[in-house]
Amino acid sequence: MNTTILPVDRIKPIGRAEAGQLATDENGRILALLGSLSDDDWSAQTDCTGWDVRALAGHLLGAMENFGSVGSLMHIMRAAKKEARGGSFVDGMTAVQVRERSGLSTVQLLERMAVASPRSARFRSRMPSPLRAMPMKQELLSGATESWKMGYLLDVILTRDTWMHRVDICRATGRDMVMTAEHDGRIVAHAVAEWAKRHGQPFTLELSGPVGGMFGSAAATRDDLQPIKLDAVELCRIFSGRATGDGLLAQEVPF
């Protein structure tokens, strides 16, 4: 683990080109993980309430297909709005994705995901600027409602969501998660930077695990603050509401 504190204000935003590569890599990793599962693994319950691995995979395939062409995107936006009925647009979207793919066999699901995975990453990175600037409302776990730009969903949230669901599947099936500093470390660091911006308080953070590291606010040093210490993946589980934390760790980060 790197013991040098990285000030969070030095963590660069994820630009469109990098977002496309992160999406390509993450989609490939989730496909490889799903392809390695045994028949029994697909019925394992995940940390997502009401979803076993099979249902979660239906959502992931839906996300890839829905964000793979203009026609499919327009379909899910209309269907999600109707499903949400004034509530969370993203929750409505995921419900439709799971339902529409519930009849697929696991073989069919994997075959379609192999086609949709690279197509989705390309489509997201090539989305025209007017569509990327389109606003959308999202209800957070806290009940607060935020206004996002479509570009934030395309570049950040969809990849974070897939990454976190890879965590879910590994936990449910007892698999070790493939992680590298270049890919998974970047996703974690970017989430940490957003968390710091959202709570706005001085901190130092010591993360353990394969993609761990030291992070801090510009005003903090290792001597003037007691570091928050925990595993990097567990931190993101707390951010996403899959686990709970106190103090600054109570600050949600969308996943």
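Before reading on, note that the structure itself is shown above.
Remember, it's a predicted structure, so these values are computed and weren't measured experimentally.

Colleague: Quick question: what am I supposed to make of the side chain of S72 here?
Modeller: Along the polypeptide, S72 turns up in helix α3 (residues 70-84). For S72, a relative accessible area of 18% gives the class buried. Those residues in contact with S72 that sit more than four places away from it in its chain are E65 and N66.

Colleague: Is there a simple way to explain the nonpolar core in this structure?
Modeller: It is characteristic of soluble globular proteins that their nonpolar side chains tend to be buried jointly. The biggest cluster of nonpolar side chains holds 52 residues, and the ones touching the most others in it are L34, W163, I169, V192, L205, L207 and F215. For this core, the element with the most residues is helix α8 (residues 181-199), which contributes 8 residues. The residues contacting I169, other than those within four sequence positions of it, are I30, L33, L34, L37, V53, L56 and L60. Judged by nonpolar contacts, the second largest core, of 20 residues, contains L73, I76, A80 and V96.

Colleague: When you look at the sheet that holds strand β6 (residues 228-231) in this model, what are you seeing that I'm missing?
Modeller: Note: strands within a sheet are paired through backbone hydrogen bonds, in either parallel or antiparallel orientation. Pairing within the open sheet is mixed, and its 4 strands lie in the order β1-β5-β4-β6. Both outer strands of the open sheet, β1 (5-7) and β6, are each paired with one neighbouring strand and no more. Adjacent strand axes in the sheet meet at a mean angle of 25 degrees, parallel and antiparallel pairs treated alike. As paired strands, strand β4 (residues 204-208) and β6 are joined by 4 bridges and run parallel to one another.

Colleague: Just checking my understanding: could you explain the packing of aromatic side chains for this structure?
Modeller: The description of an aromatic ring pair uses the distance of the two centres, along with the angle that the planes make with each other. Tallied over the full model, the rule gives 4 aromatic pairs. Ring centres of W148 and Y152 lie 5.1 Å apart, and the angle between their planes is 85 degrees; this geometry places the pair in the edge-to-face category. Between the aromatic rings of W195 and F203, the centroid separation amounts to 4.8 Å while the plane-to-plane angle is 70 degrees, which identifies the pairing as edge-to-face. Like F203, W195 is buried. Feature note: the residues W195, F203 and F239 constitute an aromatic cluster, connected by ring pairs. Its end group placed over the ring of F255, R160 keeps NZ or CZ at 5.4 Å from the ring centre.

Colleague: Just checking my understanding: could you explain the pattern of salt bridges for this structure?
Modeller: One side chain can pair with another of opposite charge once the charged atoms of both are near each other. Within this structure, the stated rule accounts for 17 salt bridges. Salt-bridge contacts for R101 lead to E65; the nearest nitrogen and oxygen are separated by 2.9 Å. Within this pair, whereas R101 is found in the loop between α4 (89-100) and α5 (106-125), its partner E65 is found in helix α2 (residues 53-66), the two being separated by 36 residues in sequence. Overall, the relative accessible area of 5% leaves R101 in the buried class. When its relative accessible area of 17% is taken as the criterion, E65 is described as buried. The residue R242 makes a salt bridge to D168 at a minimum N-O spacing of 2.8 Å. Placement of R242 in the segment after α9 (232-239) and of D168 in helix α7 (residues 150-173) is noted, with a sequence separation of 74 residues between them.

Rules used throughout
Sequence order as written defines residue numbering, which begins from 1 separately in each chain. Where local features are concerned, this predicted model is filtered to residues with pLDDT of at least 70; where side-chain atom pairs are given and counted, the filter is 80 or more; whole-chain, interface and lining totals use all residues. In computing side-chain properties, one takes all heavy atoms of the structure into account and sets aside hydrogens as well as water. Strands here are runs of E lasting at least two residues and helices are runs of H or I lasting at least four, both read from the DSSP assignment and numbered beginning at the N terminus. Buried, partly exposed and exposed residues are distinguished by accessible area as a fraction of the type maximum, computed with a 1.4 Å probe on protein chains only: under 20%, between the cut-offs, and over 50%, respectively. Two residues form a contact once any of their heavy atoms are found within 4.5 Å. By nonpolar core we mean a set of buried residues, namely Ala, Val, Leu, Ile, Met, Phe, Trp, Tyr and Cys, connected to one another through side-chain atoms within 4.5 Å. Strand pairing is defined by DSSP finding a minimum of two bridges between the two strands. Simply put, an axis is a line fit to the C-alpha atoms, just over the touching stretch for a helix, and the angle between two N-to-C directions goes from 0 to 180 degrees. Stacked, tilted and edge-to-face pairs are distinguished by plane angle, under 30 degrees for stacked and over 60 for edge-to-face with tilted covering the rest, among Phe, Tyr and Trp rings (Trp via its six-membered ring) whose centres lie within 6.5 Å. We call a charge positioned over a ring when the NZ of a Lys or the CZ of an Arg lies within 6 Å of the ring centre and within 35 degrees of the ring normal. By salt bridge we mean one thing: a side-chain nitrogen of Lys or Arg within 4 Å of a carboxyl oxygen of Asp or Glu.

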